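Coordinates in review
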Amino acid sequence: MAESGTDLISTIAVISALAVCLGASWYAWIFSRTVGGALGGAFRWVMAGVLVFAATRVDDVLKVSGTFARLGIDYRRVMWLPHSIAVAAGWILIAFGFYRMKREIGRASCRERV
């Protein structure tokens, strides 16, 4: 397939990944409100990371659909580093949220032992 052509299967897959990320964010928000307290607050960090990751899927849709190529944008030279930084930031937020949840669960189990 040509460099500027549309990869339909990849475009559908990336749009599906974007939809799943947005759906996961919705359920994460509901979960954080249901749980509440410090644990719910910690889970909001996970939700923020998933939203950042979802934003990177938009970038991927533009890449695999050939939009960047049609606009004359060299993805590897212009977009690769910001995309990679955004993906890393999303995973850092997710990891931080899970760290906060683990810390809160650890505090709760210590209180139960006392």
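Residues numbered from 1 in each chain as written. Predicted model: local features only at pLDDT ≥ 70, side-chain atom pairs only at ≥ 80, totals over all residues. Heavy atoms only, no water.

**Re the overall build of the protein**
The following threshold applies: Strands here mean DSSP runs of E at least two residues long; helices mean DSSP runs of H or I at least four residues long; both are numbered from the N terminus. When accessible area is computed with a 1.4 Å probe and restricted to protein chains, residues below 20% of their type maximum are described as buried, those above 50% as exposed, and intermediate ones as partly exposed. Here, two residues are considered to be in contact whenever any of their heavy atoms come within 4.5 Å of each other. Each accessible area value is a Shrake-Rupley result obtained with a 1.4 Å probe; residue values ignore everything except the protein chains displayed when judging cover.
Looking only at helices and strands, the protein has five helices and zero strands in total. Along the chain direction, N to C, the helices and strands of the protein fall in the order α-α-α-α-α. Counting across all 114 residues of the protein, residues that qualify as buried make up 28%. Residue pairs at least 24 apart in sequence account for 76% of intrachain contacts in the protein once pairs closer than 6 positions are excluded. Accessible surface, the protein: about 7,500 Å² in total, of which carbon and sulfur atoms supply 69%.

**A word on the packing of helix α1 (residues 8-35) against helix α2 (residues 37-64)**
Spelled out, the test is: Here, axes are lines fitted to C-alpha atoms. For helices the fit covers the stretch in contact, and angles between N-to-C directions go from 0 to 180 degrees. The labels follow the angle: roughly parallel below 35 degrees, roughly antiparallel above 145, roughly perpendicular from 65 to 115, and oblique for the rest. Here a crossing is taken to be left-handed if its near helix is turned anticlockwise relative to the far helix by less than a right angle, and right-handed if that turn runs clockwise. Amino acids outside the nonpolar list (Ala, Val, Leu, Ile, Met, Phe, Trp, Tyr, Cys, Pro) and the charged list (Asp, Glu, Lys, Arg) are all regarded as polar, and Gly is one of them.
Put simply, α1 and α2 touch, their axes get as near as 8 Å, and they point 165° apart. Judged by the inter-axis angle, α1 sits roughly antiparallel to α2. Between α1 and α2 lies a crossing whose hand is left-handed. Taken together, the residues of the contact of α1 with α2 sort by class into 21 nonpolar, six polar and four charged.

**Quick look at the nonpolar core**
Here is the rule: To qualify as a nonpolar core, a set must consist of buried Ala, Val, Leu, Ile, Met, Phe, Trp, Tyr and Cys residues joined through side-chain atoms within 4.5 Å.
One finds Leu18, Cys21, Ala28, Ala42, Phe43, Val46, Met47, Val50, Ala54, Ile94 and Met101 forming the largest nonpolar core, which totals eleven residues. Within the residue set of this core, elements represented by two or more residues are α1, α2 and α5 (80-113). With six residues, the single largest contributor to this core is α2. Excluding its chain neighbours within four sequence positions, the residues that come into contact with Ala54 are Leu18, Cys21 and Leu22.

**Remarks on α2**
Our working rule: Given the number of residues in a helix, its expected span is that number minus one, multiplied by 1.5 Å.
For α2, spanning 28 residues, the distance from its first C-alpha to its last is 41 Å, which sits close to the expected 40 Å at 1.5 Å a residue. Note on α2: the residue one or two positions beyond its end, Gly66, has a positive phi of about 85°.

**Some thoughts on the packing of aromatic side chains**
The test is simple: Aromatic rings from Phe, Tyr and Trp, with only the six-membered ring used for Trp, were paired whenever their centres fell within 6.5 Å, and each pair was classed as stacked if the ring planes differed by under 30 degrees, edge-to-face if by over 60, and tilted otherwise. Each ring is checked for a lysine NZ or an arginine CZ that lies within 6 Å of its centre and within 35 degrees of its normal; such an atom marks a charge sitting over the ring.
The final tally for this structure, using the stated rule, is six aromatic pairs. Centre to centre, the rings of Trp45 and Phe96 are 4.9 Å apart; their planes meet at 85°, and the pair counts as edge-to-face. Of this pair, Trp45 sits in helix α2 while Phe96 sits in helix α5, and the two are 51 residues apart along the sequence. Of the residues examined, Trp45 reaches a relative accessible area of 33% and is grouped as partly exposed. Where Phe53 meets Trp91, the ring centres are 5.8 Å apart and the plane angle is 65°; that geometry is what we call edge-to-face. Of this pair, Phe53 sits in helix α2 while Trp91 is found in helix α5, placing the two residues 38 residues apart along the sequence. With a relative accessible area of 21%, Phe53 lands in the partly exposed category. Following the ring pairs from residue to residue traces out a cluster consisting of Trp45, Phe96 and Tyr99. Between Arg57 and the ring centre of Phe53, over which it is positioned, the NZ or CZ distance is 4.3 Å.

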